[in-house]
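A look at the structure
The residues making up each chain are set out below.
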Amino acid sequence: MENFKKDITKREFIKRCAAFSAGVTIIPKALYGSEELAEEQASGRKEAMFQEETARGIMCRICPNECVLKEGELSKCNNRKVIRSKLYTLAYGNPCSVNVDPIEKKPLYHFLPGSRAYSIATAGCNLVCLNCQNWTISQTSPDKTRNFSLPPEKVVSEAGAKICRSIAYTYSEPVTFYEYAYDTAVLAKKAGIKNVFKSNGYIYPEPLKKLCNVIDAANIDLKAFNEGTYLKLSGGKFQPVLDALKIYLDSGVWLEITNLVVPTWTDKSEEIYRMCKWLSENGFKNVPVHFSRFYPTYKLEQLPPTPVDILNKAAQIASSEGLNYVYTGNVPGSEISDTKCPGCKTTLIVRQGFRVAENSLKDGKCPKCGKSIDGVWN
Ligand code: SF4
């Protein structure tokens, strides 16, 4: 962070500090010049997958926004454009954020605990969440961010060199840099490196099923549990996210779910109860659920952080509905971030922040009662 202080205004410095705390690296112009940090922004162009010609223009079939674009128009996610009658992604090989993170930060608690994830994001998102933590990169386009030049093969080699067991497509919205993530995941898989998606789950079945062939784990945000709130809070529809969750579950990709509990928006016990009941009745009992604490940000800066009591209550509701692995997130010192055996309640994994302090699992089983604990442990 120290280097970033040079040659920037106070305002810019504060902006970067905010982005840094959200786990995002923004590359200042002053640091350009090395081989790794390319000036060339146009290199992110590649013909898009799942495009269809219609009478109204070129339609993108990746997500339920179904953008139909005419020549030169930019998509809702800010990183697709029609150029000479073809749809192109502008987010191929040009991530604006590159970090090595603990896998717990995604959060993925039952997937290679204590391992490192080589984490990348390009600019752009297909939703417009009022509470977006990473809005400085999600609500803009690749030509407005400072980018690395990092083609898929280089992501894989860098991940290997940095002893990362997985590559995480994260921070902004990987659905919108689908081609880049997909091609990278194919190469990573061949190299024995796992692939993980941190996503809003706003994706159509066909591209998702294709993606599930090459990724190993996903943490999907379930932002609310009713259509009206989904639309107002994030600008998206509710049902497609439920459909995507079912596809992930059936695909064999390791799945975890995050629900950000936003005061006055998604903190009602009755709604949390309906969400947990749905999860319980639809085969998600062994899918870890993370109730995450909201901190004031972006367009919801006027709200207070989520009271810890509300998060604890949400966890209680989830457990009483039969969900076996329930966590609270962004609550320092909470025991609800530890993994307990659903059988005998022995504490198996102790976490301090994103660090695994203790892990007593034996071959994926509880050492006390022998119960198999759901997850990918090796
Ligand atoms: S991925 Fe982007 S371009 Fe495609 S439909 Fe969604 S918002 Fe539109």
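Refer to the structure printed above.
Computed from a prediction, not measured in an experiment: that's the story for all the values here.

**Some words on the overall build of the chain**
Within the chain, the regular secondary structure consists of nine helices and 17 strands. Put simply, the chain has 378 residues, and 55% of those count as buried. Taking the contacts inside the chain whose residues are at least 6 apart along the sequence as the reference set, 66% of them involve residues at least 24 apart. Put simply, the chain shows about 16,500 Å² of open surface, and 50% of that area lies on carbon and sulfur atoms.

**Considering the site of the ligand**
Neighbouring the ligand are C60, I62, C63, N65, E66, C67, S75, K76, C77, R80 and N126. A breakdown of the residues in the shell around the ligand according to their chemical character gives five nonpolar, three polar and three charged.

**Here's the deal with helix α8 (residues 269-281)**
For α8, spanning 13 residues, the distance from its first C-alpha to its last is 18 Å, which sits close to the expected 18 Å at 1.5 Å a residue. The set of residues buried in α8 consists of E271, I272, M275, C276, W278, L279 and S280. The inward-facing, buried residues of α8 contact α7 (239-251), β12 (254-261), β13 (289-293) and α9 (308-320). Phi turns positive one or two residues past the end of α8, at G283, with a value near 90 degrees.

**Examining the packing of aromatic side chains**
Inspection of the entire model under this criterion finds eleven aromatic pairs. Ring geometry for Y92 versus Y180: centroids 5.7 Å apart, planes at 50 degrees, classification tilted. Placement of the pair is Y92 in the loop between β6 (86-89) and β7 (97-102) and Y180 in helix α4 (residues 178-190), with a sequence separation of 88 residues. Residues Y169 and F197 carry aromatic rings whose centres are separated by 5.9 Å and whose planes lie at 50 degrees to one another, so their mutual orientation is tilted. Of this pair, Y169 sits in strand β9 (residues 166-169) while F197 sits in strand β10 (residues 194-199); the two residues are 28 residues apart in sequence, bridging distant segments of the chain. Judged by its relative accessible area of 1%, F197 falls in the buried class. Members of the aromatic cluster, connected to one another through ring pairs, are F225, Y230, F238, W278 and F284. Cation over ring: R351 sits above Y109, and NZ or CZ is 4.0 Å from the ring centre.

**Quick notes on unusual backbone geometry**
Note that the residue after K106, namely P107, is joined by a cis bond; omega there is -5 degrees. Position of P107 relative to the elements: it lies in the loop between β7 and β8 (116-121). Despite not being glycine, S85 shows a phi value in the positive range, around 65 degrees. Secondary-structure assignment places S85 in the loop between β5 (80-83) and β6.

**So, the pairing of β9**
Burial of β9 is two-sided: the residues S166 and A168 facing one way and the residues I167 and Y169 facing the other way are all buried. Two strands pair when backbone bridges link them, and β8 and β9 are joined in this way by four bridges, in the parallel orientation. Bridging across to β9, S119 finds its partner in A168. Handedness of the crossover joining β9 and β10 through α4: right-handed.

**Some words on the pairing of β6**
With burial as the criterion, only one face of β6 is covered, namely that bearing L87 and T89; the residues K86 and Y88 on the opposite face remain uncovered. In this structure, strand β1 (residues 46-47) lies alongside β6, joined through two bridges in antiparallel fashion. Across the sheet, the residue bridging to E47 is Y88, located in β6. In this sheet, β6 lies alongside β5 in antiparallel orientation, the contact comprising four bridges. Bridge pairing in β6 places K81 opposite Y88. Taken together, β5 and the strand that follows it, β6, pair antiparallel across an intervening segment of two residues, in which R84 is found at a positive phi of about 50 degrees.

Scoring rules and cut-offs
- Residues numbered from 1 in each chain as written.
- Predicted model: local features only at pLDDT ≥ 70, side-chain atom pairs only at ≥ 80, totals over all residues.
- Heavy atoms only, no water.
- Helix = DSSP H or I, 4+ residues; strand = E, 2+ residues; numbered from the N terminus.
- Buried < 20%, exposed > 50% of the residue type's maximum accessible area, 1.4 Å probe, protein only.
- Contact = heavy atoms within 4.5 Å.
- Areas by Shrake-Rupley, 256 points an atom, 1.4 Å probe, with all protein chains shown as cover.
- Near = heavy atom within 4 Å.
- Nonpolar A, V, L, I, M, F, W, Y, C, P; charged D, E, K, R; others polar.
- Expected span 1.5 Å × (residues − 1).
- Phe/Tyr/Trp six-rings, centres within 6.5 Å; stacked < 30°, edge-to-face > 60°.
- Lys NZ or Arg CZ within 6 Å of the ring centre and 35° of its normal.
- Pairing = 2+ DSSP bridges.
- Right-handed = clockwise from strand over helix to strand, strands pointing away.

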